[in-house]
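Observations on chain architecture
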Amino acid sequence: VNDDFNAAIDATLTADNGINISGDFTAGKIISLNGDANGLIDGSDIITFADGVTIEATSADMTLSRAVAFGAITLLARDGVTLDGDFTSNGLTTINADTGVAFGTGTFKISSGATLNTNNNLLSINALDIDLQGSINAGSSDVSITVSNNGTIGLGNATGGLTLSGSEIQNISA
């Protein structure tokens, strides 16, 4: 996709040898990008994003497979952001998984075995909850986590609107 993309419907792109996104990408419903349709590492099976790109699912959720952002990137979704594969960024990484007016379903999830690596760049996450089965590596930079409904964050065995268990906390390096 060599230019800005804007559609009022679902945007599902599946390829067997990668997907390149060079401009902002907006869909009115679900965004699903998978650069490795056959599940075999047999080429350039990743999604690549140009520097400064914004990906936005305005009224649903977003799921991305293995991806690399060549600079800053912004991921926006009303009902959640899921990273199903490794995601590497090379600039400020901003993720808002709960952009809706009536906050309530925006969970940020990293699937088991997947890593979000910001290469020593700031990571900012805004979500109603976080499901961290994978890991986050911000290197020498910071990870900022805010609750989309201005609620509380519970750490370890504590309770809160957004709760990070002890094992999820151990999956964050910054």
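In case you missed it, the structure is sitting above this.
This section reports on the structure supplied with the text. (Residues numbered from 1 in each chain as written. Predicted model: local features only at pLDDT ≥ 70, side-chain atom pairs only at ≥ 80, totals over all residues. Heavy atoms only, no water.)

1. Section: the overall build of the protein
Formally: Put simply, DSSP marks the helices as runs of H or I at least four residues long and the strands as runs of E at least two long, and each gets a number from the N terminus on. In this description the radius of gyration comes from C-alpha coordinates, and the expected globular size is given by 2.2 Å times residues to the power 0.38. Relative accessibility thresholds used throughout: buried, under 20% of the residue-type maximum; exposed, over 50%; partly exposed, between the two (1.4 Å probe, protein chains only). Methods summary: accessible areas were calculated by the Shrake-Rupley approach with a probe of 1.4 Å, and residue burial reflects only the protein chains presented. Think of it this way: Lys and Arg go in the positive column, Asp and Glu in the negative one, and His and the chain ends go nowhere. Lysine's charge is taken at NZ, arginine's at CZ, aspartate's at CG and glutamate's at CD.
In terms of helices and strands, the protein carries one helix and 22 strands. A compact globule built from 174 residues would reach a C-alpha radius of gyration of about 16 Å, and the protein, at 15 Å, matches this within 12%. In terms of overall dimensions, the protein has a C-alpha envelope of 45 × 35 × 25 Å along the principal axes. Scored against the burial criterion, the 174 residues of the protein give a buried share of 41%. When the accessible area of the protein is evaluated, it comes to approximately 7,800 Å², of which 47% is carbon and sulfur surface. Distance between charge centres in the protein, computed from 4 positive and 19 negative side chains, equals 7 Å.

2. Describing the side chain of Thr-93
We apply this condition: Pairs of N or O atoms are called polar contacts if they sit within 3.5 Å, as long as, within protein, a hydrogen donor faces a hydrogen acceptor (for residues adjacent in sequence, only side-chain-to-side-chain pairs). For this analysis, residues touch if any pair of their heavy atoms sits within 4.5 Å.
For Thr-93, the position within the fold is in strand 13 (residues 93-96). The buried category is assigned to Thr-93, whose relative accessible area is 0%. Side-chain polar atoms of Thr-93 contact the backbone oxygen of Gly-91, separated by 3.1 Å. Aside from chain neighbours lying at most four places away, what touches Thr-93 is Ile-73, Thr-118, Leu-122, Leu-123 and Ser-124.

3. Some points on the sheet that holds strand 22 (residues 172-173)
To keep things clear, this is the line we draw: Note: two strands are recorded as paired if DSSP finds a minimum of 2 bridges between them.
Pairing within the open sheet is parallel, and its seven strands lie in the order 3-6-9-12-15-18-22. What marks the edges here is a single partner per strand, and that holds for strand 3 (19-21) and strand 22. Examined bridge by bridge, strand 15 (residues 115-117) and strand 18 (residues 135-137) share three bridges and lie parallel to one another. Looking across to strand 18, one finds that Asn-117 is bridged to Asn-137.

4. Quick notes on the sheet that holds strand 19 (residues 143-147)
The condition is simple: Axes here mean lines fitted to C-alpha atoms, for a helix over just the part in contact, with angles spanning 0 to 180 degrees between N-to-C directions.
Reading across the sheet, the seven strands line up as 1-4-7-10-13-16-19 and stay open at both edges, with parallel pairing between neighbours. This sheet does not close on itself; its edge strands, each paired only once, are strand 1 (5-7) and strand 19. Between one strand axis and the next, the sheet turns through 5° on average, direction left out of account.

5. What to know about the side chain of Asp-98
Residue position: Asp-98 is located in the loop between strand 13 and strand 14 (107-110). Side chain to side chain, Asp-98 and Ser-148 meet in a polar contact 2.6 Å long.

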